[in-house]
Amino acid sequence: MDTYLVGGAVRDRLLGLTVRERDWVVVGATTEEMLAAGYRQVGRDFPVFIHPESGDEYALARTERKSAPGYRGFVVHASPEVTLEEDLRRRDLTINAIAQAADGTLIDPFGGTEDLRLGRLHHVSPAFVEDPVRVLRCARFAAQFARQGFRVSHATQELMHQMVADGEVDALTPERVWAELARALVSAIPGRFFEVLQRCDALARVLPEIDTLLGPSPASHDGDEAPPRALRALARAVELSDRPEIRFAALVLGFGQADPVESLCDRLRTPNAFRDLGRLAARYHLAIRDATNLAPEPLLKLLEELDAFRRPGRVADLALAVQADDDSDLATPYPPAERLATAQATAAAVAASDLAATGLRGAAIGAELHARRIATLAALPRPDKP
Ligand code: ATP
Ligand code: MG
């Protein structure tokens, strides 16, 4: 049997990036031989094994053939006769279809190294259309390798457009859409993910809410045309934070209300951190942006509605998302963020325990706490009203 390193590990090494996980393909072996050699089988639909020591994934070389509509309908054929080239042919993009032998030799039947040099995301074969997940992956790689100048090839763009027209992408599950979106959010230029999907009309099918938010697309946003507000906010959020939930909040803030964000997050089953920050950013971004002008009462009300006293990090997180959508200079502190942080710390310093001596009970304690907090906020200097 022969073992080759494949996929992302070979690609990322050739790009000079750090390799996070290694996937291997094994040619000329049977499941029995793998088990006898101590590998643990994990694949349910096809023979994939985990190396007992390294934990790396080893897959038997296989071919795949579409047998039914939807993306579950695949006939997988793994046997010792399947060649390395046949296995590479079932892969999505040429840059992901390079294998590396134990001695370092590259096996690259589809021009992957050339496409790495050209910065080209290009399908391996017309069988690309058989799996709509590839549309999402292609858009995600465009975002991930945007700084290296990668672009989707014309032919692949057309193929993806065809897949959308044929209704192929309608079979994608919300879980899978979220999985790739989440990876796009931590990428170099997350906006590319949406641009690529919009250009092939997939965005309206898989993320119709975001498609509406972005508005009609010019063919690309890298000309003179100003990008849509949501993509501009997303790009600025990347400058401000590594955290995907803050980037997400900056993107969806433009919905301007909580409901559409909540239904989007419910449908995609996003983690709560994304849902909470997103809905609060959309609902309160105008108030947050205006924090320097807020009188003590609405200021305290805003902090309470943001649940700022129980979640101290929240105000700063939301202020980053709002700043991303604003016009402020990114290199200088954002006045609304400073105002909210000061107000939160000041109001939080008045604690319910301070009221023990008053002898108040029940709701009266809450009312007194509220009144005292407003009084301390009123004593703060107003940044814009010297
Ligand atoms: P990452 O750095 O995100 O892990 P990757 O390319 O290694 O990128 P994996 O999901 O780990 O992505 O998949 C490993 C390899 O399997 C890919 O490089 C590609 O060759 C192949 N592959 C994965 N998903 C698909 C798919 N949906 N269709 C075709 N080939 C795929
Ligand atoms: Mg991988």
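The numbers attached to residues start from 1 for each chain and follow its sequence in the written order. Throughout, the order in which chains and ligands are written sets their labels, letters from A for the former and numbers from 1 for the latter. Given that this is a predicted model, residues contribute local features only at a pLDDT of at least 70 and side-chain atom pairs are listed and counted only at 80 or more, while totals for whole chains, interfaces and linings are drawn from all residues. To obtain the side-chain values, all non-hydrogen atoms of the structure were used and water was disregarded.

What follows covers helix H15 (residues 296-305). Burial in H15 covers these residues: Pro296, Leu299, Leu300, Leu302 and Leu303. Buried residues in H15, looked at end-on, bunch into an arc of 155°, giving them a common side. The criterion used for residue contact is that any of the two residues' heavy atoms lie within 4.5 Å. What counts as a helix is a DSSP run of H or I of at least four residues, what counts as a strand is a run of E of at least two, and both are numbered from the N terminus. The elements touched by buried residues of H15 are helix H14 (272-289), helix H16 (313-325), helix H17 (335-348) and helix H18 (363-378). Downstream of H15 by one or two residues, Asp307 has phi in the positive range, about 60°. Relative accessible area decides the class of each residue, using a 1.4 Å probe on protein chains only: under 20% of the type maximum gives buried, over 50% gives exposed, and in between gives partly exposed. To be clear, the arc concerns the directions from the helix axis to the C-beta atoms.

This part takes up the pattern of salt bridges. The salt bridge definition used is simple: a Lys or Arg side-chain nitrogen within 4 Å of an Asp or Glu carboxyl oxygen. Tallied over the full model, the rule gives 31 salt bridges. Where Arg89 meets Glu85, a salt bridge forms, and the shortest distance between an N and an O atom there is 3.4 Å. In this pair, Arg89 and Glu85 are both assigned in helix H3 (residues 84-89), four residues apart and thus about one turn of the helix distant. For Arg89, a relative accessible area of 38% gives the class partly exposed. With its nearest N and O atoms 3.0 Å apart, the salt bridge here joins Asp170 to Arg205. Here Asp170, found in the loop between helix H6 (154-165) and helix H7 (174-185), pairs with Arg205, found in helix H9 (residues 203-206); they are 35 residues apart in sequence, far enough to count as distant. Classification of Asp170 by relative accessible area gives partly exposed; the value is 40%. Classification of Arg205 as partly exposed rests on a relative accessible area of 48%. A cluster of three or more residues bridged by salt bridges with shared partners is formed by Arg140, Arg176, Glu180 and Arg183.

Within the open sheet, the seven strands sit side by side as S3-S4-S5-S2-S1-S8-S9. Their pairing is mixed. Of all the strands in the sheet, just strand S3 (40-41) and strand S9 (106-107) have a single pairing partner and so form its edges. Examined bridge by bridge, strand S2 (residues 23-27) and strand S5 (residues 57-60) share four bridges and lie parallel to one another. Across the sheet, residue Asp23 finds its bridge partner in S5, namely Glu57. Only strands that DSSP links by at least two bridges are regarded as paired with each other.

Throughout, an axis means a line fitted to C-alpha atoms (over the contacting stretch in the case of helices), and angles, computed between N-to-C directions, take values from 0 to 180 degrees. Viewed as axis vectors pointing N to C, helix H13 (residues 258-268) and H14 meet at an angle of 160°, and their least axial separation amounts to 8 Å. By the angle between their axes, H13 is roughly antiparallel relative to H14. The two elements H13 and H14 meet at a crossing, and its hand is right-handed. In contact with Ala258, Val261, Glu262, Cys265 and Asp266 of H13, H14 contributes Phe274, Arg275, Gly278, Arg279, Ala282 and Arg283. Oblique is the label for any angle not under 35 degrees, not over 145, and not in the 65 to 115 range, which are roughly parallel, roughly antiparallel and roughly perpendicular in turn. Handedness of a crossing follows from how the near helix is turned relative to the far one, being left-handed for an anticlockwise turn of less than a right angle and right-handed for a clockwise one.

Attention now moves to the packing of aromatic side chains. In summary, the pairing rule links any two rings of Phe, Tyr or Trp, Trp by its six-membered ring, whose centres are within 6.5 Å, and it sorts them by plane angle into stacked for under 30 degrees, edge-to-face for over 60 and tilted for everything else. Per the stated rule, a full pass over the model turns up eight aromatic pairs. Each ring, one from Phe141 and one from Phe145, has its centre 5.9 Å from the other, and the planes form 10°; the classification is stacked. Each member of the pair, Phe141 together with Phe145, is buried. A centroid spacing of 5.7 Å and a plane angle of 75° characterise the contact between Phe248 and Phe274, whose relative ring orientation is edge-to-face. Highlighted residues: Phe248 in helix H12 (residues 244-252) and Phe274 in helix H14, separated in sequence by 26 residues. The same class applies to Phe248 as to Phe274, namely buried. Chaining the aromatic ring pairs together yields one cluster made of Trp24, Tyr39 and Tyr58. Both a distance and an angle decide whether a charge sits over a ring: NZ of Lys or CZ of Arg must be within 6 Å of the ring centre and within 35 degrees of the ring normal. Seen from the ring of Phe141, Arg140 lies directly overhead, with NZ or CZ sitting 4.3 Å from the centre. The ring of Phe309 has Arg373 lying over it, and the distance from NZ or CZ to the ring centre is 4.3 Å.

Nonpolar side chains tend toward joint burial in soluble globular proteins. Counting residues in each nonpolar core, the largest one holds 64 residues, and the members touching the most others are Leu121, Phe193, Phe194, Leu197, Leu207 and Ile210. Considering every element that reaches this core, the biggest residue donor is helix H5 (residues 133-144), with eight residues. Setting aside residues up to four positions removed in sequence, Phe193 forms contacts with Leu136, Ala139, Arg140, Ala143, Glu180, Leu181, Ala184 and Leu207. For our purposes a nonpolar core is just a set of buried Ala, Val, Leu, Ile, Met, Phe, Trp, Tyr and Cys residues, chained together by side-chain atoms within 4.5 Å. In terms of nonpolar packing, the next biggest core, distinct from the first, is built from 31 residues, Leu294, Ala321, Ala324 and Ala347 among them.

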